[in-house]
Amino acid sequence: MSKKDKQEVQETPQQRAMTELAMNRWADWKQRYLPMQKRLISQITELGKPGSAVRESASGRAATDTTMQFAKAQGAVQNALTNTGAQVGSSKFNLGVAKLGEDQAKSRGLGMAMSDQLVDDAYVQGLSSIAALGKGERAQASDSLGRMASISGRQAASDAEIAANERAGNAALIGQFAGYGLQRAMSPTAPMQPTGSVPGGFNIDGRQFNNPSAWTPPG
Amino acid sequence: MAYGLNTSQAMLGSDVNMFGLSRNSKTYAGDTYAAMTRQQWTDYINTFVPVENQLIQYASDPGVVTNAMSEASSDVNKAFTAQGASTERRLKGLGITLSPEEQASQQRSFGLSKSLADVQAQNLAKELTVRRQQSVLGNPAPQGT
C-alpha cells in the first residue's frame, strides 16, 4: 500500500446516507415550501405599494368607521342641544351641528393616515419575517394585519364620543357669547396642546399652534 | 408529486442523484454536500436577498418619510373635502341655512381645523415612519425624529 493510499479517507455508509437525507429534505423544501414563500413575498411587496388594494381597503374602513360612530354622536349632540333649550335654527344649534362635522373630518383624516401607517407596519413586519425565514427564524407575519383590522374602529368610536361631549359644551358656550359676536366666541378658550415637531409650539393671541402656517389672523 | 419528494426519491434507485453525481463515486457524499451548499446559496440570493434589499431601501431612503408625510396630508385633505359637502347636506336635511356671520365663522374654523389636522397627520406619519426605519436598522429604542 502506497503512502497516498494510506492518507485517503473513505466515506462511510452513514455519511452517504446522511447526504441522501439532507438532499431529500432540501428537495422537499424547494418543492413544497419555497413556492409558498415566493407567493408570500409577492403579496407583501404588493401590499406595501402606494394605493395598493389593502391600503385602499384599510383607508375605506377607517372612513366608514368614523362615519358610523359620528352618526351616533350627531344624534346625541342634537338631543343635548335641544334639551338645553337650543332650538333648531338658533346659532347655538346650527354651529354645534356644523362644528361636529369638523371633528368628524379630523377624525376621518387622521384615521386614514393611521391606517396607512398600519399597512406600512404590516409591510415591514412581513419583509422582516421573510428575511428571518431566510435565516431559519420564526415568522410573525400575520400579527400586524390582525391589529390593523380592529384599531381604526376603536379610534373612530373614541373620537366621536369626545367630539360629542366637546361640541355639546362648546355649543353652550357659543350661546352665551352670541350677543358679543360669534367669531370671537368660536375661538378656543383653553389653550390647544401642541403636538407638532416644535417643542412648546407657538403662542399667538393667546392661542397655541404647532405650526405658524396654521395660524389665521383674527378679524 | 403530492409531497414533493419524488424528484430525489425517483433517483434513489438510479446511479446518479439530482445533481448528476454518481452514487458509485468514492467522493459522492462530499461532492453532493458541496453541490447542495452551492444550490442553497443560489436559492438564498434569488429568494431572500431581494427581500433584504427591500428592507434596506425602506430603512435608508429619506423619500420614504417624505412620501408618508404627503400621503398623510392627502388623507386629511380628502377627508375635509368630503366632510364639507357632508356637513352641508346634514344642515340642509335639518332645514338649517347658516347666516352670513355663521358661514364666515364656520369657514374660518373649518380652515383652521384642517390646517391643524394636516400638520398633526404629517407629524404623526413622519414620527412613525422614522421609528420604523430605525427599528429595521436595529435600534432597540427608536426615536421618531
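Parameters at a glance
- Residues numbered from 1 in each chain as written.
- Chains lettered and ligands numbered in written order.
- Predicted model: local features only at pLDDT ≥ 70, side-chain atom pairs only at ≥ 80, totals over all residues.
- Helix = DSSP H or I, 4+ residues; strand = E, 2+ residues; numbered from the N terminus.
- Buried ≥ 20, exposed ≤ 12 C-beta atoms within 10 Å, placed from the backbone.
- Contact = placed C-beta atoms within 7 Å.
- Nonpolar A, V, L, I, M, F, W, Y, C, P; charged D, E, K, R; others polar.
- Expected span 1.5 Å × (residues − 1).
- Bend = angle between axes of the 7 residues up to and from the residue.
- pLDDT = per-residue confidence, 0-100.
- Axes fitted to C-alpha atoms, helices over the stretch in contact; angles between N-to-C directions.
- Parallel < 35°, antiparallel > 145°, perpendicular 65-115°, else oblique.
- Left-handed = near helix turned anticlockwise from the far one by under 90°.
- Core = buried A, V, L, I, M, F, W, Y, C linked by C-beta atoms within 7 Å.

Below, the discussion takes up the overall build of chain A. Helix and strand content of chain A: six helices and two strands. Start at the N end of chain A and walk to the C end: the helices and strands fall as α-α-α-α-α-α-β-β. Expressed as a percentage of its 219 residues, the buried residues of chain A come to 35%.

A count of helices and strands for chain B gives four helices and zero strands. Reading the secondary structure of chain B in the N-to-C direction produces α-α-α-α. Each of the 145 residues in chain B was classed as buried or not, and the buried ones make up 23%. Across chain B, the fraction of contacts at a sequence separation of at least 24, relative to all contacts at a separation of at least 6, is 49%.

One frequent convention defines the size of an interface as the accessible area lost when the parts assemble. Across the boundary between the two partners, chain B contributes 64 residues, which contact 58 residues of chain A. When residues in the side of chain B that touches chain A are grouped by element, the largest group, 24 residues, is from helix H4 (residues 100-136) of chain B. Grouping the constituent residues of the side of chain B that touches chain A by class yields 31 nonpolar, 24 polar and nine charged.

Further remarks concern helix H2 (residues 28-60) of chain B. Between the first and last C-alpha of H2 of chain B there are 46 Å, a value that for 33 residues agrees with the 48 Å anticipated at 1.5 Å per step. The sharpest bend along H2 of chain B measures roughly 40 degrees and falls at phenylalanine 48 of chain B, with the proline proline 50 of chain B sitting one to four residues further on. Every buried residue of H2 of chain B is accounted for by Ala29, Thr32 and Val51 of chain B. Residues of H2 of chain B that are buried sit in contact with helix H2 (13-48) and helix H4 (91-134) of chain A.

Right, let's get into helix H3 (residues 53-83) of chain A. With 31 residues, H3 of chain A extends 45 Å from end C-alpha to end C-alpha; this agrees with the ideal 45 Å at 1.5 Å per step. Looking at the residues trailing H3 of chain A, positive phi occurs at glycine 85 of chain A, about 95 degrees.

Looking now at the confidence of the model for chain B. Residues and elements named next belong to chain B. Here chain B averages 87 in pLDDT, and 90% of its residues register 70 or above. The element-level mean pLDDT for chain B is lowest in helix H1 (residues 6-9), coming to 51, with H4 highest at 93. Within the model, the stretch residues 1-5 combines pLDDT values under 50 with nine contacts to residues more than four positions away or in other chains.

Here we come to the packing of H3 of chain A against H4 of chain A. All names here are of chain A. Between H3 and H4, whose axes approach to 8 Å, the crossing angle comes to 155 degrees. By the angle between their directions, the pair H3 and H4 is classed as roughly antiparallel. As for the relative orientation of H3 and H4, their crossing is right-handed in sense. For the contact of H3 with H4, the residue count by class is 14 nonpolar, nine polar and five charged.

Once that is clear, we can look at the environment of aspartate 61 of chain B. With respect to the secondary-structure elements, aspartate 61 of chain B resides in the loop between H2 and helix H3 (62-93). For the pair formed by aspartate 61 of chain B and glutamine 133 of chain B, sequence separation is 72 residues and the distance between their alpha carbons is 9.0 Å.

Packing of H4 of chain A against H3 of chain B leaves a shortest axis separation of 8 Å and a crossing angle of 150 degrees. Between H4 of chain A and H3 of chain B, the angle is such that the two are roughly antiparallel. Here H4 of chain A and H3 of chain B pass one another in a crossing that is right-handed. For the pair formed by H4 of chain A and H3 of chain B, the contact residues are Val97, Ala98, Gly101, Gln104, Ala105, Arg108, Gly109, Met112, Ala113 and Asp116 of chain A on the first element and Glu71, Ala72, Asp75, Val76, Ala79, Phe80, Gln83, Ser86, Thr87, Arg90 and Leu91 of chain B on the second. Considered class by class, the residues forming the contact of H4 of chain A with H3 of chain B number 10 nonpolar, six polar and five charged.

Counting residues in hydrophobic clusters, the biggest one holds 30 residues, and the most contacted among them are Ala113 of chain A together with Ala72, Val76, Ala121 and Ala125 of chain B. Element by element, the count of residues in this core is highest for H4 of chain A, at 12 residues. Ignoring anything within four residues of it in the chain, the contact list for alanine 72 of chain B reads Ala113 and Asp116 of chain A together with Ala121, Gln122, Leu124 and Ala125 of chain B. Core analysis: the next-biggest nonpolar cluster, separate from the first, contains 11 residues, Val77, Leu81, Leu100 and Ala163 of chain A among them.

We now examine the environment of leucine 116 of chain B. All names here are of chain B. Along the chain, leucine 116 falls in helix H4. By C-beta crowding, leucine 116 is classed as buried, having 21 other C-beta atoms within 10 Å. Here the alpha-carbon distance between leucine 116 and valine 76, two residues 40 residues apart in the chain, equals 9.9 Å.

Where the model shows low pLDDT, its predicted coordinates should not be examined in detail. Here chain A averages 71 in pLDDT, while 59% of its residues score no lower than 70. By mean pLDDT, the top-scoring element of chain A is H2 of chain A (91), and the lowest-scoring one is helix H6 (residues 182-186) of chain A (32).

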